[in-house]
Amino acid sequence: MRAKLCLLATAAVCAPAQLVKDWRAVETPHFEVVSRYDPAKVEALLGDLEWARGVFETNFGLKSRLNRKVLILVPDSPFDYEQLSPAKKAAGCYLAAPWRDMIVLRELFEARRALLHEYTHLVLRHQGGRWPLWFHEGTAEYYATMRRNKDGSVEAGIAEPKRFAVLKRGAWLPIDYLISTGSINELNSGDAPARYYAQAWVLVDMLHHSTAYRRQFPRFQNLLAEGMQTAEAVDRVYQRTLIEFDNDAREWFHQAQFPLEKMTSPTAVDAQARSRVIGEVEVDIARRTVAVSGPARDEVRTEYHRLARAAANRCELQAAIGDLAYAAHMMREASSHYQAALKCGAQVANLAEGYESAIRAGEKIDVSELSPKVERGGQGHWHYMLGTAHFFEGNHESALKEFELATGLPQAEEFRMRRLRTMSLAQLGRYQEAEAAAEGLRQAATTADQRQTAHLVQEEVQRGREQAAKAEEPYHKLILRRLTKLDGIVVRVDCMGQRARFWVQSGGATRKLLIADPGEVITGESNNPGLEFACGPQKRPVFLGYQEQADPATDTVGRIRYMEFPK
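The model shown is predicted, which means the values in this text are computed figures rather than measured ones. (Residues numbered from 1 in each chain as written. Predicted model: local features only at pLDDT ≥ 70, side-chain atom pairs only at ≥ 80, totals over all residues. Heavy atoms only, no water.)

Here helix 10 (residues 242-254) spans 18 Å end to end across 13 residues, near enough to the 18 Å set by a 1.5 Å rise per residue. Within helix 10, the full set of buried residues consists of Leu242, Phe245, Asp246, Asp248, Ala249, Trp252 and Phe253. Considered in projection along helix 10, the buried side chains sweep an arc of 160° and stay on one side of the axis. Opposite the buried face of helix 10, by more than 90 degrees, sit the exposed residues Ile243, Glu251 and His254. Among the structural elements, helix 4 (133-144), helix 5 (161-169), helix 6 (175-180), helix 7 (192-209) and helix 9 (230-238) are those in contact with the buried residues of helix 10. Directly beyond the C-terminal end of helix 10, a positive phi value near 60° is found at Ala256. (Helix = DSSP H or I, 4+ residues; strand = E, 2+ residues; numbered from the N terminus. Expected span 1.5 Å × (residues − 1). Buried < 20%, exposed > 50% of the residue type's maximum accessible area, 1.4 Å probe, protein only. Arc of directions from axis to C-beta. Contact = heavy atoms within 4.5 Å.)

Here you go:
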């Protein structure tokens, strides 16, 4: 599975609950729980989740944009969960695939907090940001404590004494370690996971409520969403170093007075549930899709072929088996099942939106894996998706080319595309065009959220222009600062049509790097590529700047963006 976010289990294990004979799917308008637990017990939990969905939508307009139900899988026991889960100690996990979102719970009872935590991950993902793990986990912890009061009001950001006792007992995790951790599974010593969640919560709570941080929090959040490193965003927005940021968080924690966030309760929540018995094949597809990221992942490819045969003539299972193939990196098979699902009447928009969410979330999907057959609204949306992929790869020139071809988009997607186009122009140092684009973005905004976004983008463009004027740094040096540098010898060049693969020796090792588009490569003092090289074996000194990006199709580890042949 390409995206997975898990919550450490902190509650005591309850006695096993009585299971019913058959697997059942209990459905509400937006969710579906698959388990063998008593449907009446499941309905109460789904009611809480539908309420939480209403809170997010009412107060922030935050919700999954995918028009299909979230699947929540509850195995028969914590032991069964551990055989599937990528994190054995977690209370739950969120996993995303192009067709459907999935949440897996360790157990049904005492699961409300874990379920709200994982649903917050889902909501954040569908906003399209590339927030670092600490922000994802801290935000999920912050909203996992949502509660409704007797007077009908809603509160969030509740500090739980048991959760933070770990910070009072000993040293905090170093801030560099905290912000650079890419997976909870990396925290495999002692109580490090518990410290991680607690510190992430403290940072997010401080950003929400501290007078020194809350006013600029939307801008800070916006920069993180665009993929900016935490240290750089802290410096740019708050003029603080990471150490100062960490010290502020410690002071915030030791004050021991945490304000609550007051929110509006949703006016009406439809939580009407219905239950149906489902077959073992449908359950097994879901279990194997989860297992791709867990300890049983080596068995999944074999199981895929068995399940694909079992689901061969069942229209309702084609999209689900496509997600299983996708999670197992079997892209050709996934595409075949998705196409079968579309022929069976599935909505093209759902699959296209799922691909787009994966791209915006930064998952390693080569755009060549996206089939034009899953586009929606004509070629306009296809070019928008490709442009979005290029933007997050850091290939801003190619992003602009695709955005020029993206027409006929719905207003929300048109606005997002305008925002990315403006950011691309600023990244390329084309500030006059970026300012004009930012003004167009402001005029195109139709909601309060869009107007705030447009304002933040205008501020960033202006700030970038001012900093560039002060720096007076050559354009090629600005580009190089964002790339991995390599000084070595070209020993071979494989010409592949418009592309070329360079074999570069340096420090006793050979790296294979790709020129995917000559137009995106700059040389020396000039923005004009003017690349000249011969194909075949050779021995020529070279200085490169490349973007780290593995491409199994060409067996390369990076994409060349800067090239200079020393004389």
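Attention shifts here to helix 3 (residues 112-125). Between its terminal C-alpha atoms helix 3 stretches 20 Å, which fits the 20 Å expected from 14 residues at 1.5 Å a residue. Here helix 3 lies mainly inside the structure; 13 of its 14 residues are buried.

Next up on the list: the pairing of strand 12 (residues 499-506). As judged from the 7 bridges shared by strand 11 (residues 484-496) and strand 12, these two strands associate in the antiparallel manner. Each residue of the ladder has a partner; that of Met496, found in strand 12, is Arg499. Hairpin connection from strand 11 to strand 12: 2 residues lie between these consecutive antiparallel strands, with Gly497 at a positive phi of about 70°. Both strand 12 and strand 13 (residues 509-515) contribute to a ladder of 7 bridges, which runs antiparallel. The partner of Arg501 across the bridge, within strand 13, is Leu514. Counting the residues in the hairpin turn of strand 12 and strand 13 gives 2 residues, including Gly507, whose phi is positive at 60°. (Pairing = 2+ DSSP bridges.)

Time to look at the nonpolar core. Ranked by size, the top nonpolar core spans 79 residues in total, and within it Ile72, Leu105, Trp134, Met146, Val202, Phe220 and Phe245 carry the most contacts. Considering every element that reaches this core, the biggest residue donor is helix 7, with 11 residues. If sequence neighbours within four positions are ignored, Ile72 has contacts with Phe31, Glu32, Val33, Val34, Leu46, Leu49, Ile103, Leu105 and Leu115. In terms of nonpolar packing, the next biggest core, distinct from the first, is built from 44 residues, Val34, Ile278, Tyr304 and Ala352 among them. (Core = buried A, V, L, I, M, F, W, Y, C linked by side-chain atoms within 4.5 Å.)

Pairing within the open sheet is antiparallel, and its 3 strands lie in the order 7-8-9. Across the chains shown, the open sheet's two edge strands, defined by having one partner strand only, are strand 7 (147-148) and strand 9 (261-263). Here strand 8 (residues 154-156) runs beside strand 9; their pairing, made up of 3 bridges, is antiparallel. Among the inter-strand pairings, Val154 is bridged to a residue of strand 9, identified as Met263.

Moving on, we come to the packing of aromatic side chains. Here the structure, examined in full by the defined rule, presents 22 aromatic pairs. Where Trp131 meets Phe135, the ring centres are 6.0 Å apart and the plane angle is 25°; that geometry is what we call stacked. When its relative accessible area of 11% is taken as the criterion, Trp131 is described as buried. Ring geometry for Phe220 versus Phe245: centroids 6.4 Å apart, planes at 55°, classification tilted. In this pair, Phe220 is assigned in helix 8 (residues 217-225) and Phe245 in helix 10, connecting sequence segments 25 residues apart. (Phe/Tyr/Trp six-rings, centres within 6.5 Å; stacked < 30°, edge-to-face > 60°.)

Running from N to C, helix 18 (residues 411-427) and helix 19 (residues 431-444) point in directions that differ by 160°, and their axes come no closer than 8 Å. The angle between helix 18 and helix 19 falls in the class roughly antiparallel. The two elements helix 18 and helix 19 meet at a crossing, and its hand is left-handed. Of helix 19, the residues touching helix 18 (which contributes Gln411, Phe415, Arg418, Arg419, Arg421, Thr422, Leu425 and Ala426) are Tyr431, Glu433, Ala434, Ala437, Ala438, Gly440, Leu441 and Ala444. (Axes fitted to C-alpha atoms, helices over the stretch in contact; angles between N-to-C directions. Parallel < 35°, antiparallel > 145°, perpendicular 65-115°, else oblique. Left-handed = near helix turned anticlockwise from the far one by under 90°.)

As for its position among the elements, Thr28 is in the loop between strand 2 (19-27) and strand 3 (31-37). Filtering out sequence-adjacent residues up to four positions away, Thr28 remains in contact with Leu46, Glu50, Lys69, Ala271, Gln272 and Ala273.

Another point: the sheet that holds strand 11. If you walk around this closed barrel you meet the 5 strands as 11-12-13-15-14, and the pairing is mixed. Within this sheet the neighbouring strands show an average axis-to-axis angle of 55°, counted without direction. Pairing of strand 11 with strand 14 (residues 536-551) involves 9 bridges; the strand directions are antiparallel. Considered in strand 14, the bridge of Lys485 is made with Gly545.

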